[in-house]
Amino acid sequence: MKEFLNNPYSFMTGRDPFIRVKSVDAPKGNTCAEIIFENHHEGFIGIPHGGVAMGLCLDIWRNLEGSQYPVQVSFRFAGSGISIGDKAVLEIEPEVETGGNGLTLKITKTGDRKPYLRASFSKPPSVVPQLGIKPDPEKFRPLPYYKNCLVCGHSRSVVGLQRQFRYHEIQGEKMVSVLWGKQDVDFDRAGYFLIGQDELHPFVLIAIFDENTAWGGFMETRRAGLSVKLDFFIKRPIMRNEKLLFIGRPAGIRGAPSSPRFFSANGQILSMSDPNNPEIVAHGWGEWVVISQYTEQIKSNLIPKSDLEWIFG
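Residues numbered from 1 in each chain as written. Predicted model: local features only at pLDDT ≥ 70, side-chain atom pairs only at ≥ 80, totals over all residues. Heavy atoms only, no water.

**Student:** Where do I start with the overall build of the protein in this structure?
**Tutor:** Scanning the protein for helices and strands turns up five helices and 13 strands. Relative to the globule expectation of 20 Å for 313 residues, the C-alpha radius of gyration of the protein, 19 Å, shows essentially globular dimensions. Taken along its principal axes, the extent of the C-alpha atoms in the protein is 55 × 45 × 40 Å. Evaluated residue by residue, the protein yields a buried proportion of 54% over its 313 residues. For the protein, the share of sequence-separated contacts (at least 6 apart) that also reach a separation of at least 24 residues comes to 68%. Carbon and sulfur atoms form 48% of the exposed surface of the protein, whose accessible area is close to 14,000 Å². (Helix = DSSP H or I, 4+ residues; strand = E, 2+ residues; numbered from the N terminus. Rg over C-alpha atoms; globule rule 2.2 N^0.38 Å. Buried < 20%, exposed > 50% of the residue type's maximum accessible area, 1.4 Å probe, protein only. Contact = heavy atoms within 4.5 Å. Areas by Shrake-Rupley, 256 points an atom, 1.4 Å probe, with all protein chains shown as cover.)

**Student:** Would you take a moment to explain the packing of aromatic side chains for this structure?
**Tutor:** Describing an aromatic ring pair means giving the distance of the ring centres and the angle of the ring planes. This structure, assessed with the given rule, holds 16 aromatic pairs. Centroid distance Phe 11 to Phe 18: 5.2 Å. Interplanar angle 45 degrees. Geometry classified as tilted. Judged by its relative accessible area of 9%, Phe 11 is buried. Between Phe 193 and Phe 203 the ring centres are 6.1 Å apart and the planes differ by 25 degrees, which places this aromatic pair in the stacked class. Of this pair, Phe 193 sits in the loop between α2 (184-190) and α3 (202-221) while Phe 203 sits in helix α3; the two residues are ten residues apart in sequence, bridging distant segments of the chain. (Phe/Tyr/Trp six-rings, centres within 6.5 Å; stacked < 30°, edge-to-face > 60°.)

**Student:** Looking at this model, I keep getting lost on helix α4 (residues 292-301). Mind explaining?
**Tutor:** Since the α-helix packs 3.6 residues into each turn, any two residues three or four apart lie on the same face. Among all positions in α4, only Tyr 294, Thr 295, Gln 297 and Ile 298 are buried. Viewed along the axis of α4, the buried residues span an arc of 160 degrees, placing them on a single side of the element. Opposite the packed face of α4, turned more than 90 degrees from it, sit the exposed residues Ser 292 and Gln 293. Turning to α4, the residues buried within the fold contact α3, β10 (225-234) and α5 (305-312). (Arc of directions from axis to C-beta.)

**Student:** Can you help me understand the pairing of strand β12 (residues 259-271) in this one?
**Tutor:** Taken residue by residue, a regular strand's side chains alternate between the two faces of the sheet. Counting buried positions along β12 gives ten out of 13 residues, so the element sits mostly inside the fold. Sheet topology note: the strand β11 (residues 244-256)/β12 ladder contains twelve bridges and is antiparallel. Bridged to Ile 253 within β12 is Phe 263. Between β11 and β12, which pair antiparallel and follow one another directly, the connecting turn spans two residues. Pairing geometry for β12 and strand β13 (residues 279-290), over ten bridges, is antiparallel. (Pairing = 2+ DSSP bridges.)

**Student:** How should I be thinking about the packing of helix α1 (residues 50-63) against α3 in this particular structure?
**Tutor:** When two helices pack together, you describe them by how their axes are tilted relative to each other and by the distance separating the axes. The contact between α1 and α3 brings their axes to 8 Å, and the two run at 150 degrees. Comparing the axis directions of α1 and α3 gives the class roughly antiparallel. Relative to α3, the crossing made by α1 is right-handed. In this structure, α1 uses Gly 51, Val 52, Met 54, Gly 55 and Leu 58 to contact α3, whose residues at the interface are Pro 202, Phe 203, Ile 206, Ala 207 and Asp 210. Its residues assigned to classes, the contact of α1 with α3 comprises seven nonpolar, two polar and one charged. (Axes fitted to C-alpha atoms, helices over the stretch in contact; angles between N-to-C directions. Parallel < 35°, antiparallel > 145°, perpendicular 65-115°, else oblique. Left-handed = near helix turned anticlockwise from the far one by under 90°. Nonpolar A, V, L, I, M, F, W, Y, C, P; charged D, E, K, R; others polar.)

**Student:** I tried to follow the side chain of Glu 42 on my own but got confused; where do I start?
**Tutor:** Along the polypeptide, Glu 42 turns up in the loop between β2 (31-36) and α1. Of the polar contacts made by the side chain of Glu 42, one reaches the backbone nitrogen of Gly 46; its length is 2.8 Å. Here Glu 42 is in contact with Ile 47, Pro 48, His 49, Ile 84, Asn 148, Cys 149, Leu 150 and Arg 156, once residues within four sequence places are set aside. (Polar contact = N/O pair within 3.5 Å; in protein donor to acceptor, adjacent residues only side chain to side chain.)

**Student:** In this structure, what is going on with the pattern of salt bridges? I would like to understand it.
**Tutor:** Side chains bearing opposite charge may pair, as long as their charged atoms lie close to each other. Summed over all chains, the structure comprises 13 salt bridges. Between Arg 76 and Asp 231 there is a salt bridge, with the nearest N and O atoms lying 3.1 Å from each other. Taken together, the residues span a long stretch of sequence, with Arg 76 in strand β3 (residues 71-77) and Asp 231 in strand β10 at a distance of 155 residues. Take Arg 76: its relative accessible area is 31%, and that puts it in the partly exposed class. By relative accessible area, which is 21% here, Asp 231 ends up partly exposed. Glu 173 is the partner of Arg 249 in a salt bridge, and the nearest nitrogen-oxygen pair spans 2.5 Å. (Salt bridge = Lys/Arg side-chain N within 4 Å of Asp/Glu carboxyl O.)

Here's what the structure looks like:
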């Protein structure tokens, strides 16, 4: 594992790693490491943010010789779930462990048979998505946030991304957005989240994308869920001083309209270096399984409470 984690600039696995990765013996010549999920990885209260595991997979891919942009990643969540404090094994499939864009990774909770997360990297299709309607930057309702969430937490003891998401309704279309780089403090914050001297860690992209897009589905159903699928395309490296706009939109449900079992959403990340000609630098689609306990957790713990009134009525 050490040969894949030799980048001192990586915030996730470098000199001062955000997640502890310890090489362990493994059968069949596999490359394996033990990881542990800690309090500073939290998303929903008590469980790690999905962006941590997905970001770690992107970290290993980016540090492999032969990895190239653009890239398509298929993330699939399963198993019994992972809580803060749980240990897991990260495994690189041996036949492709130096294959760059042919990489497959698994993260499996200790004691589970099914992986918590499986990430498969491949060359992307040539389909270019349409930009669609952009949200009006002046017409939105701010969405509430957690205290300790890695992405939206505003009272963390460890540095986080500290985003606040925004809800828009434009021409009958619902969407959620969030900015990165609107204020100079974001570029100062970017200094904590790099994978090269000037390259923003792709963890930032996947973690914000995941939460922003999930909010898009939530605002259609008013029900919270956990990621089960996420297909994500990244066009190119993102520099630390680029301004980004994340847009998420609901894309349907599975189950009865009054009680959906799953909701889906899609999203885009735009580079706003030229506001008159935004560039789609990443896009994707995801599906979330509805879990009532997290809807109740949102009602009890998101702040400010006044924002919950208009969301839930």
